[in-house]
Amino acid sequence: MGQVNRKAPMRTPVRWLVTLAAMFALLAIPLLRLRGDSSAQQPSEEPPVRIPSNVAWTRETLALVSSGDPFRGLLLARRCNHCHGEEGFSAVPVFPNLAGADRLSFWKQMEDFRSGKRISPVMQVQAAGLSTRDSADLAAYYSMLPTARDPQDSRSFPQTMQDPSLATIAIRLILFGDGQRGIPPCQSCHGPVSYVNGAPLLAIQNESYLQDQLEHFANGYRSNDINVRMRSIARQLTAQEKTAVSEYYGAGLGPGVYSR
Amino acid sequence: MKKKIGFATVMLLVALSILSTRFYEVSLPVWHLLGGGNGPDPATLHLRGEFVESNLGAAQDREGFLTVRMIAQQYVFVPQCIIVPAGVPIRFRITSADAVHMLSFLGTDYGLKAVPGTVTEARFTFSKTGEFKIPCHEFCGAGHYAMRGQLDVVPQDQFSSLRPGERRTCGPG
Ligand SMILES: [Cu+2]
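Residues numbered from 1 in each chain as written. Chains lettered and ligands numbered in written order. Predicted model: local features only at pLDDT ≥ 70, side-chain atom pairs only at ≥ 80, totals over all residues. Heavy atoms only, no water.

**A closer look at the coordination of the copper ion**
(1) Moving on: With distances of 2.1 to 2.6 Å, the protein atoms coordinating the copper ion are B:His101 (ND1), B:Cys136 (SG), B:Cys140 (SG) and B:Met147 (SD).
(2) Moving on: Bound by four donor atoms, the copper ion shows angles of 97 to 124 degrees at the metal and therefore tetrahedral coordination geometry. (Donors = N, O, S within 2.8 Å, 3.2 Å for Na, K, Ca; no water. Tetrahedral: all angles 85-135°; square planar, octahedral: opposite > 155°, others 65-115°.)

**Observations regarding the pattern of salt bridges**
(1) Moving on: Counting across every chain of the model gives 20 salt bridges over all chains.
(2) Moving on: Residues B:Glu53 and A:Arg50 are paired through a salt bridge, measuring 2.8 Å at the closest nitrogen-oxygen approach. Of this pair, B:Glu53 sits in the loop between helix H2 (30–33) and strand S1 (57–60) while A:Arg50 sits in the loop between helix H1 (2–41) and helix H2 (59–66), placing the two residues on different chains.
(3) Moving on: You can call B:Glu53 buried: its relative accessible area is 16%.
(4) Moving on: Under the relative-accessibility criterion, A:Arg50 is labelled partly exposed at 29%.
(5) Moving on: Across the pair B:Glu138 and B:Lys113 runs a salt bridge whose closest N-O atoms are separated by 3.6 Å. Linking B:Glu138 in the loop between strand S9 (130–135) and strand S10 (148–154) with B:Lys113 in strand S7 (residues 111–114), this pair joins segments that are 25 residues apart in sequence.
(6) Moving on: A residue is classified by how much of its surface remains accessible, and B:Glu138, at 30% relative accessible area, is partly exposed.
(7) Moving on: With relative accessibility at 25%, the residue B:Lys113 sits in the partly exposed group. (Salt bridge = Lys/Arg side-chain N within 4 Å of Asp/Glu carboxyl O. Helix = DSSP H or I, 4+ residues; strand = E, 2+ residues; numbered from the N terminus. Buried < 20%, exposed > 50% of the residue type's maximum accessible area, 1.4 Å probe, protein only.)

**Observations concerning the packing of H2(A) against helix H5 (residues 103–115) of chain A**
Residues and elements named next belong to chain A.
(1) Moving on: Closest axis-to-axis distance for the H2/H5 pair is 10 Å, and the angle between their directions is 105 degrees. By the angle between their directions, the pair H2 and H5 is classed as roughly perpendicular. Across the interface between the two elements, Thr61, Leu62, Leu64, Val65 and Ser66 of H2 pack against Arg103, Leu104 and Trp107 of H5.
(2) Moving on: A per-class count over the contact of H2 with H5 returns five nonpolar, two polar and one charged. (Axes fitted to C-alpha atoms, helices over the stretch in contact; angles between N-to-C directions. Parallel < 35°, antiparallel > 145°, perpendicular 65-115°, else oblique. Contact = heavy atoms within 4.5 Å. Nonpolar A, V, L, I, M, F, W, Y, C, P; charged D, E, K, R; others polar.)

**Looking at the interface of chain B and chain A**
(1) Moving on: The interface is formed by 43 residues belonging to chain B together with 52 residues belonging to chain A.
(2) Moving on: Between the two partners, chain B and chain A, sit three salt bridges.
(3) Moving on: Summed over the shared surface of chain B and chain A, the result is 13 residue pairs in polar contact (both at pLDDT 80 or more).
(4) Moving on: A total of seven residues in the side of chain B that touches chain A trace back to one element, the largest contributor, which is helix H1 (residues 2–20) of chain B.
(5) Moving on: By residue class, the composition of the side of chain B that touches chain A is 17 nonpolar, 13 polar and 13 charged. (Polar contact = N/O pair within 3.5 Å; in protein donor to acceptor, adjacent residues only side chain to side chain.)

**Focus on the nonpolar core**
(1) Moving on: Ranked by internal contacts, the top residues of the largest apolar core, which has 37 residues, are B:Phe92, B:Phe105, B:Phe126 and B:Leu151.
(2) Moving on: Contributing elements (two or more residues each) for this core: strand S2 (66–73), strand S4 (81–85), strand S5 (89–96), S7, strand S8 (120–125), S9 and S10 of chain B. (Core = buried A, V, L, I, M, F, W, Y, C linked by side-chain atoms within 4.5 Å.)

**A word on the sheet that holds S4(B)**
Residues and elements named next belong to chain B.
(1) Moving on: Taking strand neighbours across the sheet as the criterion, the three strands line up as S4-S10-S9 in an open arrangement whose pairing is mixed. A single partner strand is all that each edge strand has here, and the edge strands are S4 and S9. This sheet shows a mean twist of 25 degrees between the axes of neighbouring strands, independent of strand direction.
(2) Moving on: Sheet topology note: the S4/S10 ladder contains five bridges and is parallel. Along S10, the bridge assignment pairs Pro85 with Val154. (Pairing = 2+ DSSP bridges.)

**A look at the confidence of the model for chain A**
Residue and element names in this part refer to chain A.
(1) Moving on: Across chain A, the average pLDDT comes to 83, with 78% of residues at or above 70.
(2) Moving on: At the low end of the mean pLDDT range in chain A sits helix H8 (residues 157–160), at 53; at the high end sits H5, at 97.
(3) Moving on: The model gives residues 32–44 a pLDDT under 50, and that stretch makes 16 contacts with residues more than four places away or in other chains.
(4) Moving on: For residues 253–260, every residue scores under 50 in pLDDT, and the model assigns this stretch 30 contacts once sequence neighbours within four places are set aside. (pLDDT = per-residue confidence, 0-100.)

**Description of the side chain of B:Gln60**
Residues and elements named next belong to chain B.
(1) Moving on: By the secondary structure assignment, Gln60 is in strand S1.
(2) Moving on: When its relative accessible area of 14% is taken as the criterion, Gln60 is described as buried.
(3) Moving on: In this structure the side chain of Gln60 is engaged in a polar contact, spanning 2.9 Å, whose partner is the backbone oxygen of Gly64.
(4) Moving on: When residues no more than four places from it in sequence are discounted, the contact partners of Gln60 are Phe65, Leu66, Ser161 and Leu162.

Now the structure itself:
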């Protein structure tokens, strides 16, 4: 009797151990399957990874960009003035206007110039000497500049277009896009109806710069847009449509004194 | 007591093996609602993982099986035009970079839901050849009504096989 009593408490831990071992073994099977599955998911050979831009709109990035100090930006902007103009209005069309620029877009372009994801011999040099914080400060400064050169300037869009007949084409694309070709309305990303992160304001820009950028997105020379967003759209636009939207947005700063 | 332990173990194992089948990857947005899916971070799709832009479109593995990877985002699909052969099963893997989108392949019986933070996987076999529009069916914002992609289904002999590492889309990309 005494012996049996002694043996019983010995056996229970052994059973426990066996049960545990069996559990782990069974657990390991699904784990192995998971691993097998995930390696099967990846194609055996992947093409070289192409990264359009190192910028990602994570919470940290959004916080960094929105915390820019406009006064520091003002001081830094001195080195930009001779190209982009004293008040963010450039005198030469190849230098884009920066007055009233969207902060996120501005900051992203500076980062992309710095990393070489957007090619511009001039701007890559400029951006190389600036930190991410400098760019955020500059973005804060430029985004605050008024977008009307002259407060009494009351021009409105279609009247100042070089070719007003293109206005109809432009207005259609901006308001409605073209569902048949999968072109969403410009205003759904670039404002004022709604914005997506990193989309620049177009109404602050000059015509020939807009036209160039659309051309560059379409032929792939500019390919720093995240998830092929703007390239997909620009590729679908006809030459006439590119001219129409560029002229429309580039026609004076008109009533488009809108900001985010 | 022993029976209870045995029962508990069996239940645990059943639960674990159900989880391990990754059933939650297939179009169940529940996990997303519970706070975070199993899939990639919508903000960094372009930086790492299977949805980088160079990996989108149709891919073929060593066994010849086709997989199409896509991103839905406000308000364009990437790639905007996909091309597949008729009559063979094709695996779709799709995620969203922002809102929830719903694709339907007009003229076929198929549809797909794209949920941020989750990979939706499905297998479709297209029997008819032709061009099918892919409108978005879930309101996703101001540009929703013009959000539309295209699917080209071609006869099998017109779809030359893909080299490993090659990705195929129709149109300019
Ligand atoms: Cu949508």
